[in-house]
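# Results of the structural survey
What follows is the residue order along each chain.
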Number of protein chains: 10
Amino acid sequence: MMDKQAMKQAILSAKKSKSLRWDQIAQEIGMAPVWTATCCLGEASATQEIAQKLTAVLDLGDDVADALMECPTKGEWLARSIPNDPMLYRFYEILSVFGPGIKDCVQEEFGDGIMSAIDFTVDVEREENPKGDRVKIVMNGKFLPYMRW
Amino acid sequence: MMDKQAMKQAILSAKKSKSLRWDQIAQEIGMAPVWTATCCLGEASATQEIAQKLTAVLDLGDDVADALMECPTKGEWLARSIPNDPMLYRFYEILSVFGPGIKDCVQEEFGDGIMSAIDFTVDVEREENPKGDRVKIVMNGKFLPYMRW
Amino acid sequence: MMDKQAMKQAILSAKKSKSLRWDQIAQEIGMAPVWTATCCLGEASATQEIAQKLTAVLDLGDDVADALMECPTKGEWLARSIPNDPMLYRFYEILSVFGPGIKDCVQEEFGDGIMSAIDFTVDVEREENPKGDRVKIVMNGKFLPYMRW
Amino acid sequence: MMDKQAMKQAILSAKKSKSLRWDQIAQEIGMAPVWTATCCLGEASATQEIAQKLTAVLDLGDDVADALMECPTKGEWLARSIPNDPMLYRFYEILSVFGPGIKDCVQEEFGDGIMSAIDFTVDVEREENPKGDRVKIVMNGKFLPYMRW
Amino acid sequence: MMDKQAMKQAILSAKKSKSLRWDQIAQEIGMAPVWTATCCLGEASATQEIAQKLTAVLDLGDDVADALMECPTKGEWLARSIPNDPMLYRFYEILSVFGPGIKDCVQEEFGDGIMSAIDFTVDVEREENPKGDRVKIVMNGKFLPYMRW
Amino acid sequence: MMDKQAMKQAILSAKKSKSLRWDQIAQEIGMAPVWTATCCLGEASATQEIAQKLTAVLDLGDDVADALMECPTKGEWLARSIPNDPMLYRFYEILSVFGPGIKDCVQEEFGDGIMSAIDFTVDVEREENPKGDRVKIVMNGKFLPYMRW
Amino acid sequence: MMDKQAMKQAILSAKKSKSLRWDQIAQEIGMAPVWTATCCLGEASATQEIAQKLTAVLDLGDDVADALMECPTKGEWLARSIPNDPMLYRFYEILSVFGPGIKDCVQEEFGDGIMSAIDFTVDVEREENPKGDRVKIVMNGKFLPYMRW
Amino acid sequence: MMDKQAMKQAILSAKKSKSLRWDQIAQEIGMAPVWTATCCLGEASATQEIAQKLTAVLDLGDDVADALMECPTKGEWLARSIPNDPMLYRFYEILSVFGPGIKDCVQEEFGDGIMSAIDFTVDVEREENPKGDRVKIVMNGKFLPYMRW
Amino acid sequence: MMDKQAMKQAILSAKKSKSLRWDQIAQEIGMAPVWTATCCLGEASATQEIAQKLTAVLDLGDDVADALMECPTKGEWLARSIPNDPMLYRFYEILSVFGPGIKDCVQEEFGDGIMSAIDFTVDVEREENPKGDRVKIVMNGKFLPYMRW
Amino acid sequence: MMDKQAMKQAILSAKKSKSLRWDQIAQEIGMAPVWTATCCLGEASATQEIAQKLTAVLDLGDDVADALMECPTKGEWLARSIPNDPMLYRFYEILSVFGPGIKDCVQEEFGDGIMSAIDFTVDVEREENPKGDRVKIVMNGKFLPYMRW
């Protein structure tokens, strides 16, 4: 029984030897790049159909497909509360600086509740800009109002 | 000399007594709602022009305007490494689950570097949806490539 | 502008001087006891109608009603990651010992996703038992399946 | 001498190759699904009778039965104070938001003491609902009053 | 409404001005010294009868008696996970060095379960010894076996 | 050179294959059960005489005897500040709830100083009780007064 | 009833207005400078005789003398596990770098046990040196051998 | 290329098989015992001359000599902020209780600055005493005054 | 007796009312701007001469001068191990990413030891650059070789 | 597929067997020593050209060159929030003591924003000095002003 860690290594090796990028793999299987990367890194689970497409694209076996379909225990890569890697840290910094402002704007518009991180998508785009291209990240989550019972 | 904490209380009181939302204040001063809230909560600094507009809208004095222009020590509200409030926690959860996938997609496209959280904007929108409206958050930061020297 | 901390003190004083229990207050306002206590302790927000009923029951003013309607920053009472109070700690212990088993049973039945803690109710009951009465806690949250996009 | 970690891997492999769910195994051995999963994951200990039934159902040997009967050091999977996995985190969030309200309601009814997490059961059910099925978790623990001596 | 912190200060002042020790107060009210100290320090709750005796001994008012009867949120004095005070730290050290041996001896004798810290007493005695007197601490807690359901 | 970890595994395997309990081994070597377990788990060191008796009882070699005699680096099993295992956690809870009361009672009797955790013994007994047997833990440590110089 | 914090402030003010150093005060009362400072900063307790001498030297009242005689809860100034102040941090660094070597040398000489930090003195001296004077710190603690019982 | 961990194991094995103590090895190479132990445990680096003497005394090869000469990353053995081992913990306790008094005495004598932990020696001695021998630890570090520029 | 916190507030108010920058104050007193700011923020101590110049420039009294001359307990502003403010965090990030490379380069050049942070200066300059001006920070600390004794 | 850890080991072995210093390797490839060390230690990524030069200098294969070109997850060596190694710790201490002063001086000169740690270089030099040579570290990062939008 292959675990998520071994699955990830197998996928990264195949991806490298085939010189594929996540967005190319994503296009082959009809999914979004961030989701595809997330699933292959072991932080999301695939349906049987997606798992078969993915292993077909990467020439990998059924053990990888099975592992892709397992529900992962998510977030275990984050060994410390605050990530050190600068690219990952910036999301923590955004939360530190802009979190309270975002919370207020969302809750003034929608009432007491949250943006779901489950019924949720996130996409990454390049925005061309003469002063230096920009990364555009679009998060989209269902608003969930708090029940009062 | 008014500090950011007192400034924030003064602004929140004035805002409440005038029944204004952040997006209404933002429109009055010609800025975005999330930035306006962030600045009034003490996590960003205003130019003199913005500070004067803000205090005019809220009928507040020069001490508030002065405090709005100070460079804040940011992120001090986050007393613990991981925020407990569910709306704020979701950003931490997004980092936990989707962080590695986002990092990989950004760096495959742009090379080794980061999305700036300084040369950066973030906006919040309501997306209507028959199954329940959704929160759309758009982050937009300049890509900064690592120097090699 | 009364904050949640002052609101909580005002409510607890009024509740004590009137010798009311949370379940009695809850019955007066037509809500559940745990939700009523949670809202009065500042961890949930009331609708205007509930806020008015609550302040009527407790003979408290509009400032309390206003504070009850504010969206709180939740969970700030938990100053340390792990609560020391034995009654509160037991929930942490249940997570430590039974968390993985519950996760597996839920996800085998429902697939990859979570039990919502927002679209969620929790109730407490006394279960009589000759060997010593028992506390029955019923949690009920909508299952949210992870999106694949 | 097989340790709990090896025991868990042996059980998970056998379970997977036989395509069994925890509730099916539980029914075979006459126990509840959450308890069965908890014990097989190494967070509870079995009686000799249960250990034999479990290994019979899964075609596993005496070393697994012996390991199932050992008293575990519980909770070691929780490497950080706060779990990152979203399904597991929700229990921490419930404690953060609803813990104080639950504590107050329990102690107003029962006096100073706790709900036991040892003389305790927890069960999971699916509650059908046209707006989306719900997870119902029923915890049931003996109330233990504090001694005064 | 007097809180536990104010109650504790009132009791400590009265105790000092009357030059009473905990064991003297304990004898007056017919309880054990450690419990009496624990209750007066705000980590346990008194019955009405005990609260009245305690306030009579110390010439304190009904507000103190009321506060003594409240269920406390326990353990909040322990601001850091590990206490720095050497006398208090020794209990942590005993857990570090002897905890695993005690656990094994208890569970070999009683099976899988715990010594209750609720249905529990702890007493302190002086043991005379020519090489230097010794502190004897006797803990006595009901064994609680884990349920299997 | 066998380290404490390998020594512990060798002892636990031999103990299991001989179906011995700690109290039986302790009786054979003329020591107390908790000390015997503590030493075999690697948290204490044996004299040569005890080491030889222990390895004789368990049919183990000189490498185990040598390892038993080494001074251990103690407490390394406690990977987190607060132990998760419920039996071990109860000692932390006792410190949280009763620590200040114990400290006060000890210091009122003995003056400023501590109960030694080095010149110290701890024993475990079963106390029969019709309402459920109880665990009695007796700690006995020399009182050490603080020097004033 | 004056607490240790107020006592410390009173002493530091008196000391400053009299332009006294700790070693001068120490000489007046016949104690060592480090102990005198430690006691006045609230981390040790005085006998009645010392307390009276100290308050006589500093022209302070009986409330200060009483507070000096109380058993303190020690180490509370150390709000974080690791002190930031460079002079204080160096002791932590010495533990990090030289701790294991010191432990081995002590235990090879004395056997399994510790240097007491209670039956303990510490003194500071200036050592003149043409390349720059040196701080000499002499710690002296009774060796306490571990009991085996 | 042998790393410090392997070097340490090789040295400890050779030391044990030759029945040498650190002070004996130190005498052979003309260095102090604590420094010798610190270097062999991987927390200090040797000159070529010392490395050759050390490996000659212990009959070890050039790979060990090379590893002894490497600059270590120091303090990595201290996996948690606060060490659990009682002998090592006492240094932390000394810092907690006596740190502020030592700091004040040093800075009153020398001005604002620190005792160096680099231009620093530490030695351990046995002090005979009829009430029980004592451990004497002498630290000696250059005083470094803070620059003002 | 004015403490460092009150001193800092007095200085910041005077500085603001006089519209002075740190570099202007520094020039008046003949010191560097970073040192001047550090001292006024309470993280360094002044000589009497500097203290008098500083208070003369700012029209402040002797209590401020006295407080400037006290040895501070440094680093207490850093309430969490990792600073949240983005400008301050970047120094932590530089340590995370470049720390090991800097350490290797320094120690290959100088041998085993450290760059002093006490016998140390740090200056800030603006470097003009057509692509955006740059911050140049020059740190200069004496190399301290580890003693071998 | 070689990971950064294996790459680092391969490079350090080759570097040692060729007796090369980082500054010598740096000169061969036309880059700065700190960057070269940082890249070889796995905290930065190389271009293809640099990777080929580096592996040519060190006689290493294409797998090492490939690994050098990967974007690393940076900062993972820093297992604890605060580094214990004294050379590395000094950067943390500089942040603790001088951070606020530097921040103020930078922001008075440049306005609200940060010194980039990405568009950033850091160099190390020896500064000869008759009282002991000094380490000079020059950091140079682009100033990034906060956007207001």
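Residues numbered from 1 in each chain as written. Chains lettered and ligands numbered in written order. Predicted model: local features only at pLDDT ≥ 70, side-chain atom pairs only at ≥ 80, totals over all residues. Heavy atoms only, no water.

Chain A is annotated in an unreviewed UniProt entry as Cyanate hydratase from Salinisphaera japonica YTM-1. Looking at the Catalytic activity (unreviewed entry) heading of the UniProt record, one finds this comment for chain A: "cyanate + hydrogencarbonate + 3 H(+) = NH4(+) + 2 CO2". UniProt lists a comment for chain A under the heading Sequence similarities (unreviewed entry), and it reads "Belongs to the cyanase family." (UniProt positions renumbered as here; feature names shortened; annotations may be inferred.)

### Description of the side chain of Glu93(F)
Tracing the backbone through its elements, the reader meets Glu93(F) in helix H6 (residues 86-110). The exposure class assigned to Glu93(F) is buried, which follows from its relative accessible area of 1%. Those residues within four positions of Glu93(F) in sequence are excluded, and the remaining contacts are Pro86(C), Tyr89(C), Arg90(C), Tyr146(D), Ala117(E) and Ile118(E). (Helix = DSSP H or I, 4+ residues; strand = E, 2+ residues; numbered from the N terminus. Buried < 20%, exposed > 50% of the residue type's maximum accessible area, 1.4 Å probe, protein only. Contact = heavy atoms within 4.5 Å.)

### Comments concerning the interface of chain B and chain A
Opposite the 69 residues of chain B that make contact, chain A presents 68 residues. The junction of chain B with chain A conceals about 6700 Å² of combined surface from both sides, 67% of it contributed by carbon and sulfur atoms. Taken together, the links from chain B to chain A amount to 10 salt bridges. The closest approach of N and O atoms between Asp85(A) and Lys103(B), which form a salt bridge, is 3.2 Å. (Buried area = accessible area lost by both parts, 1.4 Å probe. Salt bridge = Lys/Arg side-chain N within 4 Å of Asp/Glu carboxyl O.)

### Focus on the relation of the copies chain B and chain A
Mapping chain B onto chain A is achieved by rotating through 180° and translating by 0.0 Å along the same axis, at an RMSD of 0.0 Å. Here the symmetry operator amounts to a two-fold rotation axis. No C-alpha of chain B approaches the rotation axis more nearly than that of Val138(B), which lies at 2.3 Å. (Least-squares fit on C-alpha atoms with pLDDT ≥ 70 in both.)

### Describing the sheet that holds strand S2 (residues 134-145) of chain I
Reading across the sheet, the four strands line up as S1(I)-S2(I)-S2(J)-S1(J) and stay open at both edges, with antiparallel pairing between neighbours. Of all strands in the sheet, those with a lone pairing partner are strand S1 (113-127) of chain I together with strand S1 (113-127) of chain J, marking the two edges. Between one strand and the next, the sheet's axes are offset by a mean angle of 20°, whatever the strand orientation. Sheet topology places S1(I) next to S2(I); 11 bridges connect them, and they run antiparallel. (Pairing = 2+ DSSP bridges. Axes fitted to C-alpha atoms, helices over the stretch in contact; angles between N-to-C directions.)

### Some details on the relation of the copies chain I and chain B
One chain copy maps onto the other through a rotation about an axis and a shift parallel to that axis. Expressed as a screw transformation, the operator carrying chain I onto chain B has a rotation angle of 72° and an axial translation of 0.0 Å, and the superposed copies differ by an RMSD of 0.0 Å. In symmetry terms, the pair is related by a five-fold rotation axis. For chain I, the smallest separation between a C-alpha atom and the rotation axis is recorded for Arg80(I), amounting to 6.9 Å. Taken as a fraction of all interface residues of chain I, those also at the interface in chain B reach only 8%, which identifies the copy contact as different-surface.

### Side note on the domain arrangement of chain A
In terms of domain boundaries, chain A breaks down into domain 1 (4-69) and domain 2 (86-145). Each of domain 1 of chain A and domain 2 of chain A has a C-alpha centre, and the two are 26 Å apart. (Domains from an automatic or database assignment.)

### Observations regarding the sheet that holds strand S1 (residues 113-127) of chain E
Read from one edge to the other, the open sheet built from four strands follows the order S1(E)-S2(E)-S2(F)-S1(F), with strand pairing classed as antiparallel. The sheet is open, and its two borders are formed by S1 of chain E together with strand S1 (113-127) of chain F, each paired with just one other strand. Direction aside, neighbouring strands of the sheet carry axes that sit 20° apart on average.

### Quick look at the interface of chain I and chain B
Contacts between the two partners involve 12 residues from chain I, matched on the other side by 15 residues from chain B. Overall, the association of chain I and chain B removes approximately 1000 Å² of surface from exposure, summing both partners, and the carbon and sulfur fraction of that is 56%. Here chain I and chain B share one salt bridge between them. A salt bridge links Glu70(B) to Lys16(I); its shortest N-O distance comes to 2.7 Å. Summed over the shared surface of chain I and chain B, the number is four residue pairs in polar contact (both at pLDDT 80 or more). (Polar contact = N/O pair within 3.5 Å; in protein donor to acceptor, adjacent residues only side chain to side chain.)

### Focus: the UniProt feature "active site" (unreviewed entry) in chain A
Here, the residues flagged by UniProt with the feature "active site" (unreviewed entry) are Arg90(A), Glu93(A) and Ser116(A). Not counting residues up to four positions away in its chain, the partners in contact with Glu93(A) are Ala117(B), Ile118(B), Pro86(I), Tyr89(I), Arg90(I) and Tyr146(J). Secondary-structure assignment places Ser116(A) in strand S1 (residues 113-127). When sequence neighbours within four positions are dropped, the list of residues in contact with Ser116(A) reads Gly141(A), Lys142(A), Leu144(A) and Leu144(C).

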